[in-house]
Structures are given as structure tokens and as C-alpha cells.
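Chain and residue survey
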Amino acid sequence: MWTQRPQFEAIVGIQKLKDAKSEADEDRKGLKQAQIQLQRNPTSAAHQQIEAQEYAKFRQTSYLAEIYLQQRSKATWIKLGDDRTRYFYSVIRHRKLKQATTQLKDSTGNWQTDAEVIAGLFINYYEQLLGRRAHTRVPALKSILRNGHVLTIEKHITLVRPFAEKEVKGAIFQIDGNKSPGPDGYGSGFYKAAWKIVGWDVTATVIEFFQNGHFLKQLNSTVIALIPKVEAPEEASQYRPISCCNVLYKCISKLICNRLKVVVNQLVADNQSAFVQERSMLHNVLICHDILRHYNRKISPR
């Protein structure tokens, strides 16, 4: 949203940007006052110029506010520029009401409405589901690993070679700009637009992580959002947790995935289509469905 501003590069990192909605409201009031003055004196060239300037200013800020509301509402299928702010507000309110958890059943089937009790129910559920942090790790048996597909020495070298600045920039620009931001509040669109300013720092941070394995705790933090699986969830098991990570964390994951894409088809069997690029688990289901559908037909080969 802020990347659309003409003065974006000049003020990024220097001052906190104003809220788009409040700025659009202020410009709306300024335009209204200018139009009132122009109606009182329609022949005044000065008032006409002021009204034209206020209109141009309000048009820009209202467009930015609309982009912001579109990102908040996730209604990316609607075209901007048609003054859909009322619709976006209604979608945002509906999302908040739908995702809000005001009551939840405990293990005994009783409804709990206290916020702290509800949070405890979620924590207990996922601790039982995922387990607690282990202090020891079970090593993998190399004899079992050698029974499967093994990469060549050339592929090993390809995987462990140092990352270049070009790869870091490419990973950042591969991230969708409309994805939900992490705890820092910045999406990938910000880094793309301000790459001339923050690109060197981002690249140095990512490359340093691959060199020493250390990552700043604040950058490694995530926001966990609980998405309902059903229309009216009643228990903790009816929610699906997702993690909203910072862009630098996503960049590191994207770099690792890009490296693994080169060799994963040599390690994973063809029937494991979920791990193969440009394929999905649904493909196997569709193949089986087509085989069963044509099985009893005499004109189709078996």
C-alpha cells in the first residue's frame, strides 16, 4: 500500500507513516471545505485551483486507503478504484466476528467464556497433540538411509554452496506481496519497493544466518492464528493453527526450498507426488478415479 506513494523512498525508515484511513478522512474534509468556498465564490481562480489540488490529494489518499482495506479484508478479487470501502469494511467486520472465539467447550463438555480459560484450553490441546519439547534427539541410522536413493558428490556440493546476493533478492521477490505479515507488520511488498534502501541489510542478515546458524529472536518470532475448520466451532480440535512469520524467515525458507527443488525428484519416488514440483496429491486420486470410471467399459483398454 505504502509503495504507491510518490515520496515512499524518501521517507521510508525515517518517520512513521500515517494511517491511510485517517489521512483519507482528513483530505475528504479538506476537499469539502474547498468546495464550499468555491460555491460561495465560483468565479475565483484561486478557489478553483485550491479545489483541484484538494481533489487530487483526496483521490490519491482514498485510493491508498482502499488498497489497505482490500488487504485487510482479503477480498483480492474485487477491482480497486470503484470506491468499495463500505464493502471492505463489512468484510473486515465479518471476518473478525467469524474468527473471534468468545466461548469454547472444555474436555467435560462445559462451555467456557473466560478468555484466559479459553487460551488454556488451546494450549493444553496442542501440547497433548504435538507433545512437549524434547531434550534429546534420536539419531538417524545411516544403514537405513543408504538403502534408499543417495545423492552424488556433485549434488552434495550444489546443496551446501554459499548463497549469493542474487538468490536472496530472488527469494524475496518470489513471496506474494498480499500475504499476511508477521509480528513486525511488514509484508514482502515493503521490502520489494524499498529494496534499494534495505536490500543490503536483508541480504547480509540472511547470509549471516547460513554462515553461523544464529537468527535474531525477534525475527524468528511468529504470530499464531487459529482458523475455524467448521462454520460454528465448539472445541479446540475444530481450529486449524497457522503461523504468520516475518518476511526474513520466509526468505530463508524459500532459499532452502529452492535448493531442495533441484534434487528432491531424485530422492522421492514418483508416486509421492506431493513432494514433486508442479504436482499434487490430488493427481493420484484423479488417476484412480479415471481408471475405475472406465474399468467396466469394453472400448477402453485395461
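Attention in this report is confined to the structure presented alongside it. (Residues numbered from 1 in each chain as written. Predicted model: local features only at pLDDT ≥ 70, side-chain atom pairs only at ≥ 80, totals over all residues. Heavy atoms only, no water.)

**Some thoughts on the overall build of the protein**
The line we're drawing: Helix and strand labels come from DSSP, where a helix needs a run of H or I of at least four residues and a strand needs a run of E of at least two; each type is numbered from the N terminus. Per-residue accessibility, obtained with a 1.4 Å probe over protein chains only, is compared with the maximum for each type, and a residue is labelled buried under 20%, exposed over 50%, and partly exposed between these values. Per-residue accessibility takes into account occlusion by the displayed protein chains alone, with areas from the Shrake-Rupley method and a 1.4 Å probe.
Secondary structure summary: the protein contains 13 helices and four strands in total. Burial statistics for the protein: of 302 residues in total, 24% are counted as buried. Here the protein has roughly 22,300 Å² of accessible surface; of this, 54% comes from carbon and sulfur atoms.

**Considering the pattern of salt bridges**
In a structure, side chains of opposite charge can pair up when their charged atoms sit close to one another. Convention followed: What makes a salt bridge here is a side-chain nitrogen of Lys or Arg within 4 Å of a carboxyl oxygen of Asp or Glu, nothing more.
As enumerated under the stated definition, the model contains four salt bridges in all. The closest approach of N and O atoms between Arg-259 and Glu-167, which form a salt bridge, is 3.5 Å. Separated by 92 residues along the polypeptide, Arg-259 in helix H12 (residues 247-267) and Glu-167 in helix H8 (residues 165-174) bring together distant segments of the chain. What makes Arg-259 buried here is its relative accessible area of 8%. Of the residues examined, Glu-167 reaches a relative accessible area of 25% and is grouped as partly exposed. Linked through salt bridges whose partners overlap, the residues forming this network are Arg-161, Glu-167 and Arg-259.

**A short note on the nonpolar core**
We count it as follows: Put simply, buried Ala, Val, Leu, Ile, Met, Phe, Trp, Tyr and Cys residues joined by side-chain atoms within 4.5 Å make one nonpolar core. Here, two residues are considered to be in contact whenever any of their heavy atoms come within 4.5 Å of each other.
Membership of the largest hydrophobic core comes to 20 residues, with the highest contact counts inside it found for Ile-172, Tyr-191, Val-202, Val-206, Cys-251 and Leu-255. Elements that contribute at least two residues to this core include exactly H8, helix H9 (188-193), helix H10 (195-212) and H12. Beyond its immediate sequence surroundings of up to four residues, Cys-251 is in contact with Val-168, Ala-171, Ile-172, Ile-175 and Val-206. One finds Leu-104, Ile-118, Leu-121 and Ala-236 within the second-largest nonpolar core, a separate group that totals seven residues.

**Quick look at a nonpolar patch on the surface**
Selection rule: A patch consists of residues exposed above 30% relative accessible area that lack any salt bridge, with like charges linked at up to 9 Å and nonpolar side chains (Val, Leu, Ile, Met, Phe, Trp, Tyr) linked at up to 5 Å.
Taken together, Leu-282, Val-285 and Leu-286 make up a surface patch of nonpolar side chains, about 270 Å² in accessible area. In this structure, Leu-282 sits in helix H13 (residues 281-293).

**Focus: the side chain of Asp-27**
With respect to the helices and strands, the residue Asp-27 is situated in helix H2 (residues 20-40). Here Asp-27 falls in the buried class, since its relative accessible area comes to 5%. Setting aside its immediate chain neighbours within four residues, Asp-27 contacts Glu-54, Lys-57, Phe-58 and Thr-61.

**Quick notes on empty space enclosed by the protein**
Threshold: Think of a 1 Å grid over just the protein atoms. A cavity is a set of points where a 1.4 Å probe fits yet cannot get out, a pocket is an open set with protein on both sides within 12 Å along at least five of seven lines, and lining residues have an atom within 4 Å of a point. Grid points are joined across faces, edges and corners, and a volume is the space filled by probe spheres set on the points. When residue character is reported, Ala, Val, Leu, Ile, Met, Phe, Trp, Tyr, Cys and Pro are called nonpolar, Asp, Glu, Lys and Arg charged, and the others, Gly included, polar.
Within the structure shown, the criterion is met by one cavity of 30 Å³ or more. When the residues that make up the lining of the largest cavity are grouped by side-chain class, the tally is four nonpolar, three polar and three charged.

**Things to note about the packing of H10 against H12**
Quick note on the threshold: Helix axes are fitted to C-alpha atoms over the stretch in contact, other axes to C-alpha atoms as well, and angles between N-to-C directions run from 0 to 180 degrees. Roughly parallel means an angle under 35 degrees; roughly antiparallel means over 145; roughly perpendicular covers 65 to 115; every other angle is labelled oblique. Handedness of a crossing follows from how the near helix is turned relative to the far one, being left-handed for an anticlockwise turn of less than a right angle and right-handed for a clockwise one.
Between H10 and H12, the least distance of the axes is 11 Å, while the angle of their chain directions is 55°. Judged on the interaxial angle alone, H12 and H10 are oblique. At the point where H10 passes H12, the crossing takes the right-handed sense. Between H10 and H12, the contacting residues are Val-202, Thr-205, Val-206, Phe-209 and Phe-210 on the first element and Leu-248, Cys-251, Ile-252, Leu-255 and Ile-256 on the second.

**Things to note about the side chain of Asn-246**
With respect to the element layout, Asn-246 can be found in the loop between strand E4 (239-245) and H12. According to the relative accessible area criterion, Asn-246 is buried, its value standing at 1%. Sequence-distant contacts of Asn-246, defined by excluding residues within four places in its chain, comprise Gly-182, Pro-183, Asp-184, Gln-218, Leu-219 and Ser-221.

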